[in-house]
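Spelled out from the first residue to the last, the chains are:
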Amino acid sequence: MTHAIRFHRTGSPEVLQWEAVDLPPPTAGEVRLRHHAVGLNFIDTYHRSGLYPLPLPSGIGLEAAGVVEAVGEGVDAFAPGDRVAYTSGPLGAYAEARNIEARHLVRLPENISFEQGAAMMLQGITAHYLLHATYPVKAGETILVHAAAGGVGSILVQWAKLLGATVIGTVGNEEKAVRARALGCDHVIVYSREDFVGRVREITAGEGVAVVYDSVGRDTFLHSIASLRRRGTMVSYGNATGPVAPFDCALLQKSGSIFVTRPGLFDYIATRDELCERSAALFEVVGSGRLRVEINQRYALSDAAQAHRDLEARKTTGSTILLP
Ligand SMILES: NC(=O)c1ccc[n+]([C@@H]2O[C@H](COP(=O)([O-])OP(=O)(O)OC[C@H]3O[C@@H](n4cnc5c(N)ncnc54)[C@H](OP(=O)(O)O)[C@@H]3O)[C@@H](O)[C@H]2O)c1
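Small disclaimer: the values here were computed from a predicted structure and weren't measured. (Residues numbered from 1 in each chain as written. Predicted model: local features only at pLDDT ≥ 70, side-chain atom pairs only at ≥ 80, totals over all residues. Heavy atoms only, no water.)

A. Structural detail: the overall build of the protein. Summing up its helical and strand segments, the protein has 9 helices and 16 strands in all. In terms of overall size, the protein behaves like a compact globule, its C-alpha atoms giving a radius of gyration of 20 Å where 324 residues would be expected to give roughly 20 Å. Along the three orthogonal principal directions, the C-alpha set of the protein runs to about 60 × 40 × 35 Å. By sequence separation, contacts in the protein at least 24 residues apart represent 68% of the contacts at least 6 residues apart. Carbon and sulfur atoms make up 52% of the accessible area of the protein, which amounts to about 13400 Å² in all. Within the protein, the 34 negative side-chain charges are centred at a point lying 5 Å from the centre of the 31 positive side-chain charges. (Helix = DSSP H or I, 4+ residues; strand = E, 2+ residues; numbered from the N terminus. Rg over C-alpha atoms; globule rule 2.2 N^0.38 Å. Contact = heavy atoms within 4.5 Å. Areas by Shrake-Rupley, 256 points an atom, 1.4 Å probe, with all protein chains shown as cover. Lys, Arg positive; Asp, Glu negative; His and termini not counted. Charge placed at Lys NZ, Arg CZ, Asp CG, Glu CD.)

B. Fine view of the environment of Pro53. Inspection of the secondary structure assignment puts Pro53 in the loop between helix H1 (42-49) and strand S4 (58-59). A relative accessible area of 71% means that Pro53 is categorised as exposed. For Pro53 and Thr10, which are 43 residues apart along the polypeptide, the C-alpha to C-alpha distance reads 8.7 Å. (Buried < 20%, exposed > 50% of the residue type's maximum accessible area, 1.4 Å probe, protein only.)

C. Geometry of the site of the ligand. Looking at the ligand, there are 28 residues lining it, with Tyr46, Tyr129, Lys176, Tyr191 and Leu265 nearest. Tyr129 has a polar side-chain atom sitting 2.6 Å from an oxygen atom of the ligand. At 2.8 Å, a backbone N or O of Gly151 approaches an oxygen atom of the ligand. About the coverage of the ligand: the protein hides 91% of its 900 Å² of free accessible area. Among the secondary structure elements, those contributing two or more residues to the shell around the ligand are H1, helix H2 (114-134), helix H3 (151-162) and helix H9 (304-312). By residue number, the principal contributor to the shell around the ligand is H2, which donates 4 residues. Residue composition of the shell around the ligand, by class: 13 nonpolar, 11 polar and 4 charged. (Near = heavy atom within 4 Å. Polar contact = N/O pair within 3.5 Å; in protein donor to acceptor, adjacent residues only side chain to side chain. Nonpolar A, V, L, I, M, F, W, Y, C, P; charged D, E, K, R; others polar.)

D. Region of interest: the packing of H2 against H3. Running from N to C, H2 and H3 cross one another at 45°; their axes reach a closest spacing of 9 Å. The angle between H2 and H3 places the two elements in the oblique class. As for the relative orientation of H2 and H3, their crossing is right-handed in sense. Every residue of H3 that contacts H2 at Gln123, Gly124, Thr126, Ala127, His128, Leu130, Leu131 and His132 is listed here: Gly151, Val152, Ile155, Leu156, Trp159 and Ala160. Class assignment for the residues of the contact of H2 with H3 results in 8 nonpolar, 6 polar and no charged. (Axes fitted to C-alpha atoms, helices over the stretch in contact; angles between N-to-C directions. Parallel < 35°, antiparallel > 145°, perpendicular 65-115°, else oblique. Left-handed = near helix turned anticlockwise from the far one by under 90°.)

E. Expanded view of the pattern of salt bridges. As enumerated under the stated definition, the model contains 19 salt bridges in all. One salt bridge connects Arg32 with Glu69, and the closest N-O pair in it is separated by 4.0 Å. With Arg32 in strand S3 (residues 30-40) and Glu69 in strand S5 (residues 64-71), this pair connects stretches of sequence that are 37 residues apart. Relative accessible area serves as the criterion here: at 21%, Arg32 is assigned to the partly exposed category. What makes Glu69 partly exposed here is its relative accessible area of 33%. Between Glu294 and Arg292 there is a salt bridge whose closest N-O contact spans 2.9 Å. (Salt bridge = Lys/Arg side-chain N within 4 Å of Asp/Glu carboxyl O.)

F. The arrangement of the nonpolar core in detail. Formed by 59 residues in total, the largest nonpolar core has its most connected members in Ile143, Leu156 and Tyr213. It is H2 that contributes the most residues to this core, 11 residues altogether. Sequence-distant contacts of Tyr213, that is, excluding residues within four places in its chain, are made with Leu130, Leu131, Tyr135, Val137, Ile143, Leu144, Val145, His146, Leu156, Val235 and Tyr237. With 26 residues, the next largest nonpolar core counts Val38, Tyr86, Ile100 and Tyr299 among its residues. (Core = buried A, V, L, I, M, F, W, Y, C linked by side-chain atoms within 4.5 Å.)

G. Layout of the sheet that holds strand S12 (residues 209-214). On the basis of which strands lie adjacent, the open sheet formed by 6 strands has the order S11-S10-S9-S12-S13-S14 and parallel pairing. Among the strands making up the open sheet, the edge pair consists of strand S11 (187-190) and strand S14 (259-261). Averaged over all pairs of adjacent strands, the angle between their axes in this sheet comes to 15°, without regard to strand direction. With 4 bridges connecting them, strand S10 (residues 166-171) and S11 associate as parallel partners. (Pairing = 2+ DSSP bridges.)

H. The arrangement of the side chain of Thr134 in detail. With respect to the secondary-structure elements, Thr134 resides in helix H2. Setting aside chain neighbours within four positions, we find Thr134 in contact with Tyr129, Val235, Thr261, Pro263 and Tyr268.

I. Structural detail: unusual backbone geometry. Residue Pro57 follows Leu56 across a cis peptide bond; omega there is -5°. Here Pro57 lies in the loop between H1 and S4. One non-glycine residue, Ala147, adopts positive backbone phi at about 50°. Within the secondary structure layout, Ala147 lies in the loop between strand S9 (142-145) and H3.

Right, dumping it as structure tokens:
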């Protein structure tokens, strides 16, 4: 037996329950993993609330780091004692221990802690693909990053600076503005009280930005489009305020022949090679000290409901981990 957070109906954080669950030996292709730290991500709230529907009852969580305890038949890439992390596979990372197919795992380098691994796999690989594949940011370009002091935002800002971009970040309050500046934002807009479209035009001398990385969704989508330069790219990669409403395609031409994309992480780590390549790039930039993963909140895994409340109330900054 082990313990895990599970939910039997969708709803507010109270639906998350700490339960005793069976842990059978790993089957062919699987490993049994003892979690040392589990990552908290906004997508977990979409699963819990029902925005992204799932068969119920269900486990929850997509990211963790820990140690291999046992391997099933045919697994030769990993052995008991290996330090590993993952950010894909069936939901169920909110658990003390679990079985998972070995193909989802990457080995954690010695200079990356379990806490860092759990805090950064999902958010860091997301930042990597957004900046290198969805819209490859070039030195000298000006870009706009929403929720710049959040989990993905904090990593996006720092990595975009390493690529030589000028970064405009939006944040919900003054305290987050201080953090966003410390992360490297060249300009910070408190979008809860300032008109970010007007400020972006002012900062870019009327031109607009090359790309907007928008995880806020419904409330910012059209304003983000209005912040782009001619033939700029709108990357709508999240829905913290709810899903984006249907819009008139002609708007894209009227706004300067812009491009819109709605990417998801799992299409950018669809092959083992891609997963390994993006993880290696992340481990390198963090391991070398060029990018900091800020773990600003830690909760007991059994207290996951409180972590969800704080994340949805915009009370968190940087990354958050749950500790078994
Ligand atoms: N497509 C992908 O591949 C992918 C992968 C990872 C994450 N994501 C998305 O990226 C976003 C960030 O994820 P994260 O885990 O790093 O979370 P996060 O940014 O740490 O937290 C969400 C942030 O969104 C902002 N926000 C604005 N309005 C909000 C509202 N009404 N309710 C809650 N938050 C609001 C808040 O920052 P301010 O107070 O500063 O506004 C809040 O801190 C999420 O939308 C997530 O779904 C997408």
